[in-house]
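Inside the fold
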Amino acid sequence: MTVKVTVTGAAGQIGYALLFRIASGQLLGADTPVKLSLLEIPQAVKSAEGTAMELDDCAFPLLRGIEISDDPAKAFDGANVALLVGARPRTKGMERGDLLEANGGIFGPQGKAINDHAADDIRVLVVGNPANTNALIAQSAAPDVPAERFTAMTRLDHNRALSQLAAKLNVPVAEIKKMTIWGNHSATQYPDLFHAEVGGKIAAEQVEQEWLRDTFIPTVAKRGAAIIEARGASSAASAANAAIDHVHDWVNGTPEGDWTSAAIPSDGSYGVPEGLISSFPVVSRNGRWEIVQGLEIDAFSRERIDASVGELVEERDAVRALGLI
Ligand code: NAX
């Protein structure tokens, strides 16, 4: 069956890095034909058309059609996977309330369009920032869609953590298992080495505590800013790569003996208030994310998880006060 994948912000830089990989089969696998639906704002539709021309010119065998629209109702009609990438960035002098409100104006209507028009098996990944709270806004506008289908991306943070640890220990990333990003996709996120394993042994025991606290955690959390500083533009190909990883694993499952990180609606696990869309250690089984249970959380980790979750609570309360959820 052909899977319809809707990408918002399709003419943006993540969109450009993402669409070709979806069309080539990397999102869902080499046996699954895809139809792409590109949603953009009216001013950017022409640019999306240009990207669509290039997609045509790749002659991807799995690509069974491209639609372009500035109307969410059309773009999400029959969608099986929705990648919500387009968002309102924070501009100079913008207060947090303004930012949340502007994004509410995007993610509320898109959530409603998903509710009314998407396929029954719709899976939503929010990439556009503030991703966790944008996902919450979209979810609350879609009461007929199971809440668990709304997720936000922390896989880029997860991959950054793998790469930083691999470099530190001089091992291939594939030797690292059970990495976790907890909390918000923001500078308060907590990359956890107390459950991560390298060569079967706990990662935190293989690095100096100062490095873990003063280098590793801030480097992972502030990597986005470092990329902007170096590249003069924010992460694009790595963000697209992480979106591919997230949806691929959601649909196809995570490997035995390992887990990954995704921001999913909390069921109250690890003291995270129920309903918050927070990053957890997760496995995917039978097409559903499950939070890994039973991990012991020491005081060091507890403090950092609580800080990031506290920020998510504040964001939720702010969008609630604005009437966006
Ligand atoms: P760009 O500014 O290059 O592209 C955004 C695109 O979204 C533009 O083409 C714009 O026209 C479109 N857009 C805006 N409002 C829209 C709407 N209502 N409907 C459809 N399209 C709309 O940004 P890009 O670098 O692609 O980044 C996109 C988002 O990803 C940003 O919010 C960014 O902050 C976020 N990121 C999230 C990451 C994560 O790990 N969760 C990492 C990378 C990235 O920073």
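Cut-offs and rules
- Residues numbered from 1 in each chain as written.
- Predicted model: local features only at pLDDT ≥ 70, side-chain atom pairs only at ≥ 80, totals over all residues.
- Heavy atoms only, no water.
- UniProt positions renumbered as here; feature names shortened; annotations may be inferred.
- 1 Å grid on protein atoms, 1.4 Å probe; cavity = no way out; pocket = protein on both sides within 12 Å on 5 of 7 lines; lining within 4 Å.
- Points joined across faces, edges and corners; volume = space filled by probe spheres on them.
- Helix = DSSP H or I, 4+ residues; strand = E, 2+ residues; numbered from the N terminus.
- Nonpolar A, V, L, I, M, F, W, Y, C, P; charged D, E, K, R; others polar.
- Salt bridge = Lys/Arg side-chain N within 4 Å of Asp/Glu carboxyl O.
- Pairing = 2+ DSSP bridges.
- Buried < 20%, exposed > 50% of the residue type's maximum accessible area, 1.4 Å probe, protein only.
- Contact = heavy atoms within 4.5 Å.
- Phe/Tyr/Trp six-rings, centres within 6.5 Å; stacked < 30°, edge-to-face > 60°.
- pLDDT = per-residue confidence, 0-100.

As recorded in an unreviewed UniProt entry, the protein goes by Malate dehydrogenase and comes from Microbispora maris. The protein has a UniProt comment under Function (unreviewed entry) that states "Catalyzes the reversible oxidation of malate to oxaloacetate."

1. Digging into empty space enclosed by the protein
Counting across every chain of the model gives 1 cavity of 30 Å³ or more. Estimated volume of the largest cavity: approximately 40 Å³. Along the walls of the largest cavity sit Asn132, Thr133, Leu136, Leu276, Ile277, Leu312 and Arg316, which together make up its complete lining. Only helix 5 (131-140) and helix 10 (299-321) provide two or more residues apiece to the lining of the largest cavity. Top contributing element to the lining of the largest cavity by residue count: helix 5, with 3 residues. A breakdown of the residues in the lining of the largest cavity according to their chemical character gives 4 nonpolar, 2 polar and 1 charged.

2. With respect to the pattern of salt bridges
Applying the stated criterion across every chain yields a total of 12 salt bridges. The residue Glu314 makes a salt bridge to Arg96 at a minimum N-O spacing of 3.8 Å. Linking Glu314 in helix 10 with Arg96 in helix 4 (residues 96-117), this pair joins segments that are 218 residues apart in sequence. Arg302 is the partner of Asp306 in a salt bridge, and the nearest nitrogen-oxygen pair spans 3.0 Å. With Asp306 and Arg302 both in helix 10 and 4 residues apart, the pair spans about one turn of that helix.

3. Quick notes on the sheet that holds strand 11 (residues 201-202)
Strand order in the open sheet formed by 3 strands is 7-10-11, and the pairing between neighbours is antiparallel. This sheet does not close on itself; its edge strands, each paired only once, are strand 7 (176-177) and strand 11. Pairing geometry for strand 7 and strand 10 (residues 197-198), over 2 bridges, is antiparallel. In the sheet register, Ile176 faces strand 10, and the bridge partner there is Val198.

4. Quick notes on the UniProt feature "binding site: substrate" (unreviewed entry) in the protein
As annotated by UniProt and renumbered to match this structure, "binding site: substrate" (unreviewed entry) occupies Arg90, Arg96, Asn129 and Arg160. What stands out for the annotated residues spanning 71 residues is how far apart their C-alpha atoms range, the widest pair being 26.1 Å apart. Within the annotated group just given, the residues that line the largest pocket are Arg90, Arg96, Asn129 and Arg160. Using a relative accessible area of 32% as the deciding quantity, one classes Arg96 as partly exposed. Leaving out residues up to four positions away in the same chain, Arg96 has contacts with Arg90, Glu314, Glu315 and Ala318. Since its relative accessible area comes to 11%, Arg160 is described here as buried. Apart from the residues within four sequence positions on either side, Arg160 is in contact with Val220, Arg223, Gly224, Ile227 and Ser235.

5. Let's talk about the packing of aromatic side chains
Two descriptors summarise a pair of aromatic rings, namely the distance from one centre to the other and the angle between the planes of the rings. Under the counting rule described, the total for this entry stands at 7 aromatic pairs. On the numbers, 6.2 Å between centres and 70° between planes, the contact of Trp182 with Phe280 is edge-to-face. Of the two residues, Trp182 is situated in strand 8 (residues 180-182) and Phe280 in strand 13 (residues 277-285); the sequence distance between them amounts to 98 residues. In this structure Trp182 comes out as buried when scored by relative accessible area, which is 0%.

6. Notes on the confidence of the model for the protein
Residue-level pLDDT values for the protein average 97, and 100% of them are 70 or greater. The complex model carries a pTM of 0.98, and its ipTM stands at 0.98.

7. Quick word on the layout of surface pockets
Of the volumes computed, that of the largest pocket is approximately 1400 Å³. As for the largest pocket, its lining consists of 50 residues, and the residues nearest its centre are Ala87, Pro89, Val127, Gly128 and Asn129. Broken down by secondary-structure element, the contributors of at least two residues to the lining of the largest pocket are helix 1 (13-23), helix 4, helix 6 (155-169), helix 8 (223-231) and helix 10. If you tally residues by element for the lining of the largest pocket, the top one is helix 4, at 7 residues.

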